[in-house]
Amino acid sequence: MGEAIRIIGIDPGLRRTGWGIVESLGNSLRFVASGTVRSDDKAALAVRLCQLHDGLADVLHRLMPQEAAVEQTFVNKDATATLKLGQARGIAMLVPARAGLVVAEYAPNAVKKAVIGVGHGDKKQIHMMVKVLLPKAAFDTDDAADALAIAICHAHHRQSIAFRMAVA
């Protein structure tokens, strides 16, 4: 059947970036760890981005995921907030890429559909289904729970992605 693949899901944010790691083997999923990297909102933007970078790099170094998935961001009404979120998302993609991982991206609706079965739902539904799919999961923030949902989404889609790449 093969070996389990360790996947990190990342929910980017400038204040809090959630991360969640699962192991996928066939149709089974196992919770590994989750948490939140925080930046100091009183610090300069460059310092905050460094804090996110260093925190995610530490997680990758300690837990050694083999694949990564990051949630795509949506356009916000506030252009400044959207730009800052985009910069945090850049860090969320850069860290695993620099560690040699392929980084997949998923739209928020795709994550919701993979976890709760429909493309629209609230955070309570997502958190409840994360607990159903990963009974041993523990998360300290909504961001960490969302990151686990992103990892679950990737676990469900990775085989079709690998298949498409193999035949291309």
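All values derive from a computational prediction rather than experimental measurement.

Applying the stated criterion to the full structure yields eight salt bridges. A salt bridge links Glu23 to Arg30; the nearest nitrogen and oxygen atoms lie 2.9 Å apart. Assessed through its relative accessible area of 17%, Glu23 is described here as buried. A relative accessible area of 44% places Arg30 in the partly exposed class. If you follow the salt bridges from partner to partner, you end up with Arg6, Glu23 and Arg30 in one network.

Those residues carrying the UniProt feature "binding site: Mg(2+) 1" (unreviewed entry) are Asp11 and Asp143 in this numbering. These annotated residues cover 133 residues of sequence, and their C-alpha atoms lie no more than 6.1 Å from one another, placing them together at a single site. With respect to the helices and strands, the residue Asp11 is situated in strand β1 (residues 5-11). For Asp11, the residues in contact, after removing those within four places along its chain, are Arg16, Thr17, Gly18, Glu71, Asp143, Asp146, Ala147 and Ile150.

A few words on the UniProt feature "active site" (unreviewed entry) in the chain. Feature annotation in UniProt assigns "active site" (unreviewed entry) to the following positions: Asp11, Glu71 and Asp143. Residue position: Asp143 is located in helix α5 (residues 142-167).

Turning to helix α4 (residues 123-133), a few remarks are in order. Buried residues of α4: Ile126, His127 and Val130, and no others. The arc enclosing the buried residues of α4, seen along the axis, measures out at 95°, which places them on a common side. Exposed residues pointing more than 90 degrees away from the buried face of α4 are listed as Lys124, Met128 and Val132. Two or three places before Lys124, at the opening of α4, Asp122 has a side-chain oxygen 3.3 Å from that residue's backbone nitrogen.

Contact geometry of helix α1 (residues 45-63) with helix α2 (residues 79-98) gives a least axis separation of 9 Å together with a crossing angle of 30°. When the axis of α1 is compared with that of α2, the two are roughly parallel. Crossing handedness for the pair α1 and α2: right-handed. Contacts between α1 and α2 involve Leu45, Leu49, Leu52, His53, Leu56, Ala57 and Leu60 from the first element and Gln87, Ala88, Ile91, Ala92, Leu94, Val95 and Pro96 from the second. Of the residues belonging to the contact of α1 with α2, the class tally is twelve nonpolar, two polar and no charged.

Looking now at the packing of helix α3 (residues 108-116) against α4. Their axes nearest at 9 Å, the elements α3 and α4 cross at an angle of 50°. In terms of axis orientation, α3 runs oblique to α4. Crossing of α3 against α4: the hand is left-handed. Residues Lys112, Val115 and Ile116 of α3 touch α4, and the partners they reach there are Gln125, Ile126, Met129, Val130 and Leu133. When grouped by side-chain class, the residues that make up the contact of α3 with α4 number six nonpolar, one polar and one charged.

All right, on to the nonpolar core then. Judged by nonpolar contacts, the single largest core of 21 residues is most densely connected at Val130, Leu134 and Leu148. Residue assignment for this core shows that the elements contributing at least two residues are β1, β5 (103-106), α3, α4 and α5. Element by element, the count of residues in this core is highest for α5, at seven residues. Every residue in contact with Leu134, bar those within four places of it in the chain, is listed here: Val22, Leu29, Arg30, Phe31, Leu148 and Ile152.

To continue, consider the pairing of β1. Consecutive side chains along a regular strand alternate between the two faces of the sheet. For β1, the tally of buried residues reaches seven of seven residues, placing the bulk of the element in the interior. Burial along β1 is two-sided: Ile5, Ile7, Gly9 and Asp11 and Arg6, Ile8 and Ile10, pointing in opposite directions, are all buried. Pairing of β1 with strand β2 (residues 16-25), which is carried by seven bridges, proceeds in the antiparallel orientation. If you follow Ile8 over to β2, its bridge partner there is Ile21. Between β1 and β2, which pair antiparallel and follow one another directly, the connecting turn spans four residues. Relative to strand β4 (residues 67-71), β1 is paired through four bridges, and the arrangement is parallel. Looking at β4, one finds that Ile8 is bridged to Ala68.

What counts, and where the lines are drawn
Residues numbered from 1 in each chain as written. Predicted model: local features only at pLDDT ≥ 70, side-chain atom pairs only at ≥ 80, totals over all residues. Heavy atoms only, no water. Salt bridge = Lys/Arg side-chain N within 4 Å of Asp/Glu carboxyl O. Buried < 20%, exposed > 50% of the residue type's maximum accessible area, 1.4 Å probe, protein only. UniProt positions renumbered as here; feature names shortened; annotations may be inferred. Helix = DSSP H or I, 4+ residues; strand = E, 2+ residues; numbered from the N terminus. Contact = heavy atoms within 4.5 Å. Arc of directions from axis to C-beta. Polar contact = N/O pair within 3.5 Å; in protein donor to acceptor, adjacent residues only side chain to side chain. Axes fitted to C-alpha atoms, helices over the stretch in contact; angles between N-to-C directions. Parallel < 35°, antiparallel > 145°, perpendicular 65-115°, else oblique. Left-handed = near helix turned anticlockwise from the far one by under 90°. Nonpolar A, V, L, I, M, F, W, Y, C, P; charged D, E, K, R; others polar. Core = buried A, V, L, I, M, F, W, Y, C linked by side-chain atoms within 4.5 Å. Pairing = 2+ DSSP bridges.

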